[in-house]
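# Descriptive analysis of the structure
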Amino acid sequence: SLAVITFVMMTACNSDRKQIETVAVDYLRAINIDCDFNKAKQFATPETQELLTLLDQLFSPGDSSAVIDAAFKEKFANSTIEIVAIEMENDSSAAVEYKIIVKDKDGNIDTETLSEENSRGALLVKKVDSKWLAHQPKEAPENEFIEEEDGEEFIEGESIEEEEETTER
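In every chain, residue numbers begin from 1 and rise along the written sequence. Only residues with pLDDT of at least 70 get local features here, since the model is predicted, and only at 80 or more are side-chain atom pairs given and counted; chain-wide, interface and lining totals rely on the full set of residues. Note that water and hydrogens are dropped before the side-chain values are worked out from all heavy atoms of the structure.

## With respect to the overall build of the protein
- A tally of regular secondary structure across the protein gives five helices and seven strands.
- In the protein, the succession of helices and strands from N to C terminus is α-α-α-α-β-β-β-β-β-β-β-α.
- Accessible area is worked out with a 1.4 Å probe on protein chains only. A residue is then buried under 20% of its type maximum, exposed over 50%, and partly exposed in between. In the protein, buried positions account for 25% of the 169 residues.
- Contacts are assigned to residue pairs with any non-hydrogen atoms lying within 4.5 Å of each other. Relative to all contacts within the protein whose residues are 6 or more apart in sequence, the contacts with residues 24 or more apart total 50%.
- Residue exposure ignores everything except the shown protein chains as possible cover, and the areas themselves are Shrake-Rupley values with a 1.4 Å probe. With the model as given, the accessible surface of the protein reaches about 11,600 Å², and the carbon-plus-sulfur share is 50%. For the purposes of this entry, the term helix denotes a DSSP run of H or I that reaches at least four residues, the term strand denotes a run of E that reaches at least two, and both are numbered from the N terminus.

Here it is in structure tokens:
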């Protein structure tokens with residue numbers, strides 16, 4: 001019976017990971033490559049759908065100030081999303097680390113469009129009603145200061161000293 005329980009648990013975990021990966025790739029592709037916020041809504045939590053509605057209004061093709069044009073979409077059309085890691089936080093939440101691989105019309109990797117630093121990101125995925133969905137609500141949590149052992153403070157991975165140097169330039 002222990003072997004059966006172990007098999008069931010491993011199968012469930014693999015199933016969750018596959019669902020998480022599929023939702024993350026589909027959501028990230030809709031947002032970052034296809035620029036289709038309405039399509040992205042089907043892979044998103046209700047809170048995230050609110051953000052997507054705002055983004056859709058902001059970047060709608062009917063708006064003369066829209067920044068997403070056909071040339072932009074064409075440049076990223078052959079790009080892919082690679083899932084680098086999935087870290088299960090609990091039974092209903094996971095952090096997904098991803099990388100956008102930009103490819104030209106011929107399928108060759110284009111390293112000039114996005115730097116290595118800008119092509120990487122993280123996405124939170126939550127289980128809602130037994131379905132995994134991307135979670136990027138418009139209300140971001142407050143920045144918290146984290147004090148390192150050497151006494152230097154950081155905000156979201158940047159030291160305050162680095163931030164001040166950037167501001168001074």
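Don't stop here, the text continues.
## Details of the pattern of salt bridges
- By definition, a salt bridge exists where a carboxyl oxygen of Asp or Glu is found within 4 Å of a side-chain nitrogen of Lys or Arg. One pass over the full model with this rule turns up four salt bridges.
- Ionic pairing is found between glutamate 97 and arginine 120, a salt bridge with its closest N-O pair at 3.1 Å. In this pair, glutamate 97 sits in strand E2 (residues 93-101) while arginine 120 sits in strand E3 (residues 120-128), placing the two residues 23 residues apart along the sequence.
- Judged by its relative accessible area of 34%, glutamate 97 is partly exposed.
- Overlapping salt bridges bring together Arg29, Asp34 and Lys39 as one network.

## Some points on the pairing of E2
- Of all the nine residues making up E2, seven are buried; the element is thus mostly covered by neighbouring parts of the structure.
- Pairing of strand E1 (residues 80-90) with E2 involves nine bridges; the strand directions are antiparallel. Pairing of glutamate 87 across the sheet is with alanine 95, part of E2.
- Note on pairing: two strands pair once DSSP finds at least 2 bridges between them. Counting the residues between successive antiparallel strands, the hairpin from E1 to E2 contains two residues.
- Of the pairings in the sheet, the one linking E2 to E3 comprises seven bridges and is antiparallel in character. Within E3, the position partnered with alanine 95 by the bridge is leucine 124.

## Structural notes on unusual backbone geometry
- Positive phi is not limited to glycine here, since aspartate 129 has a value of about 50°.
- As for its position among the elements, aspartate 129 is in the loop between E3 and strand E4 (131-135).
- With phi around 60°, serine 130 is a residue other than glycine that occupies positive phi space.

## Some words on the nonpolar core
- In plain words, nonpolar cores are sets of buried Ala, Val, Leu, Ile, Met, Phe, Trp, Tyr and Cys residues tied together by side-chain atoms within 4.5 Å. Counting residues in each nonpolar core, the largest one holds 26 residues, and the members touching the most others are Tyr27 and Leu123.
- For this core, the secondary-structure elements that each account for two or more residues are helix H1 (2-33), helix H2 (37-41), E1, E2, E3 and E4.
- Among the elements that line this core, the one with the most residues is H1, at eight residues.

## A closer look at the side chain of threonine 45
- Take threonine 45: it is sitting in the loop between H2 and helix H3 (46-58).
- We classify threonine 45 as buried; its relative accessible area is 1%.
- The term polar contact refers here to a pair of N or O atoms within 3.5 Å; inside protein, the definition further demands a hydrogen-donor-capable atom paired with an acceptor-capable atom, and it admits residues adjacent in sequence only when both atoms are side-chain atoms. A distance of 2.8 Å separates polar atoms of two side chains, one belonging to threonine 45 and the other to threonine 48.
- Among the polar contacts made by the side chain of threonine 45, one reaches the side chain of histidine 135 at a distance of 3.0 Å.
- The contacts of threonine 45, once residues within four sequence positions are left out, are Lys126, Val128, Leu133, Ala134 and His135.

## Comments concerning the sheet that holds E3
- One open sheet holds the four strands; their spatial order is E1-E2-E3-E4, and the pairing between them is antiparallel. For this open sheet the edge positions go to E1 and E4, each flanked by a neighbour on one side alone. Going across the sheet, the axis of each strand differs from the next one's by a mean of 30°, ignoring polarity. Only C-alpha atoms enter the line fits that serve as axes; for helices the fit covers just the stretch in contact. Angles between N-to-C directions range over 0 to 180 degrees.

## With respect to the confidence of the model for the protein
- In the predicted model, the protein carries a mean pLDDT of 74, and 64% of its residues have values of at least 70.
- Confidence scores per residue from the predictor, reported as pLDDT, run from 0 to 100. Per-residue pLDDT, averaged within each element of the protein, yields its smallest value for strand E5 (residues 146-147) (38) and its largest for E4 (95).
- Low pLDDT, under 50, characterises residues 6-10; the predicted model gives this stretch zero contacts beyond four residues in sequence or across chains.
- Contacts for the low-pLDDT stretch residues 141-169, under 50 throughout, to residues beyond four places or in other chains number 20 contacts.

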